[in-house]
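# Close look at the chain arrangement
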Amino acid sequence: MIPPRSGWRHVGEPKAPVGLRHWIVTGGLGFIGSAFVRNVLRDRLDVRITVLDAMTYAANPENVREVSGDSRYRFVRGDICDAAAVREAIDGGASAIVNFAAETHVDRSILAPEQFLKTDILGTHVLLEAVREQAIERFVQVSTDEVYGDVEHGSSAEDHPLRPRSPYAASKAGGDLQVLAYRTTFGTPVLITRGSNTYGPYQYPEKLIPLFVTNLIDDTQVPVYGDGRQVRDWLHVDDHARGILHVLENGELGEVYNIGGGNSRENLEITKELLTATGRTWETHVRHVTDRPGHDRRYSLDASKAARLGWHPTVEFERGLRETVEWYQSHEAWWRPIKSGEFREYYKTQYASR
Ligand code: DAU
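Everything numeric here is computed off the predicted structure, so don't read it as measured data. (Residues numbered from 1 in each chain as written. Predicted model: local features only at pLDDT ≥ 70, side-chain atom pairs only at ≥ 80, totals over all residues. Heavy atoms only, no water.)

## What about the overall build of the protein?
Secondary structure summary: the protein contains 13 helices and 12 strands in total. On C-alpha atoms alone, the protein measures out to a radius of gyration of 20 Å, which is about the 20 Å that the 2.2 N^0.38 rule sets for 354 residues. The principal-axis extent of the C-alpha atoms belonging to the protein is close to 60 × 45 × 35 Å. The buried share among the 354 residues of the protein stands at 56%. Here the analysis covers contacts within the protein between residues at least 6 apart in sequence; of these, 83% occur between residues at least 24 apart. (Helix = DSSP H or I, 4+ residues; strand = E, 2+ residues; numbered from the N terminus. Rg over C-alpha atoms; globule rule 2.2 N^0.38 Å. Buried < 20%, exposed > 50% of the residue type's maximum accessible area, 1.4 Å probe, protein only. Contact = heavy atoms within 4.5 Å.)

The structure is reproduced here in structure tokens:
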């Protein structure tokens, strides 16, 4: 095992970090990445962050507006597939890279898979090379429970076989396997987190919860795929960000940690809660549409390893969901421009003939 470098706390070793540490956060203008940036700049005063973000459709500078004036925040526009951009972000030295940059939407991966392979596999490889070249002390790959595939019974632990079933999930699994192979071959200081379905403020409105909430606010119907009995395990974005931070600071190199919310719900239950929260009814506002091809029926994460490391989710689901609805109700200026832009074309392609 590679000995820990200075500046990192390890389990049972309380040690205050010295000096300002430099962390690279790729995809820091996206949903989970920006929550991580906001949390770290608030809670770790000895850390400065460089966000490297390609500013693809789901990125939004508004997501980090509250911290972008902080002298510990720096932004570089660039793609993780571009080694020169990665070098520019590292700027001579960094102690950690946390990789949030990814194509993440399953439905888009069914329409156009290629970009998923580029960003999620090749981009991860470019970052791993940078970690080797520049002696970065820790690399955290932010991954997903989708790599385990459909879970009929029980929950997936970290050593469960990877059985990805969508182009998105297969791309993320490809990235994860690169990360683990670099550990084995080169001793690269890596960690992987696999998160469950994440919800909260600033989520691009293509995913179930923000799509349904904004449609309902707009008095538009919501498209439930198939029978709506699919099960997801919901995790608040701040809990997810704190989980990744906890693994970065305390995790054992070479290990994978599941970050699950422990809130398993059928899509029908989520839909009902959102209808109630927005004062709409099932009869007027729900439309069952053709199912997603290869739709995974159920995900369920065993997050006991992260719990043993000292991380626990804290946001109670019903409260988190209610507050998320209220956030979208009070932040129309954030999501209306999104829904009137490229999103319209996407929505037509995805839903018009279902
Ligand atoms: O499990 C973690 C993963 O969760 C992340 O890695 C992915 O980036 C994230 O997109 C999410 O994947 P899902 O496919 O589970 O999320 P999505 O919000 O697209 O869908 C959640 C469930 O809701 C799924 O069963 C499909 C269903 N759904 C989704 C949409 C967008 C609908 O019934 N109607 C819809 O319009």
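Additional details are given in the paragraphs that follow.
## Overview of the pattern of salt bridges
Under the criterion given, the structure shown has 23 salt bridges. We note a salt bridge from D219 to R280, for which the minimum N-O separation is 3.7 Å. Here D219, found in the loop between α6 (208-217) and β8 (222-225), pairs with R280, found in the loop between α8 (267-278) and α9 (282-285); they are 61 residues apart in sequence, far enough to count as distant. Since its relative accessible area comes to 48%, D219 is described here as partly exposed. Between R297 and D227 there is a salt bridge whose closest N-O contact spans 2.7 Å. Separated by 70 residues along the polypeptide, R297 in the loop between β12 (286-289) and α10 (304-309) and D227 in the loop between β8 and β9 (231-236) bring together distant segments of the chain. When its relative accessible area of 37% is taken as the criterion, R297 is described as partly exposed. Through salt bridges that share partners, R21, R44, D46 and E249 make up one connected network. (Salt bridge = Lys/Arg side-chain N within 4 Å of Asp/Glu carboxyl O.)

## A short note on helix α12 (residues 332-339)
Residues lying three or four places apart along an α-helix face the same way, a consequence of the helix completing one turn every 3.6 residues. Within the span of α12, buried status applies to W334, W335, I338 and K339. Projection of α12 onto a plane perpendicular to its axis shows the buried side chains occupying an angular sector of 105 degrees, all on one side. In this structure, α12 carries A333 and P337 as exposed residues pointing more than 90 degrees from its buried face. Buried residues along α12 sit against α6, α11 (317-330) and α13 (343-351). (Arc of directions from axis to C-beta.)

## Looking at the sheet that holds strand β3 (residues 73-77)
Strand order in this open sheet of 7 strands is β3-β2-β1-β4-β5-β6-β10, and the pairing throughout is parallel. Only two strands of the sheet have a single partner each, and these edge strands are β3 and β10 (256-259). With direction set aside, neighbouring strand axes in the sheet form an average angle of 20 degrees. Two elements, strand β6 (residues 190-195) and β10, share 4 bridges in a ladder whose sense is parallel. Paired with G195 across the two strands is I259, which belongs to β10. Those strands touched by helix α2 (residues 83-90) are β1 (21-26), β2 (47-53), β3 and β4 (96-99), and its axis lies near 165 degrees from that of β3. (Pairing = 2+ DSSP bridges. Axes fitted to C-alpha atoms, helices over the stretch in contact; angles between N-to-C directions.)

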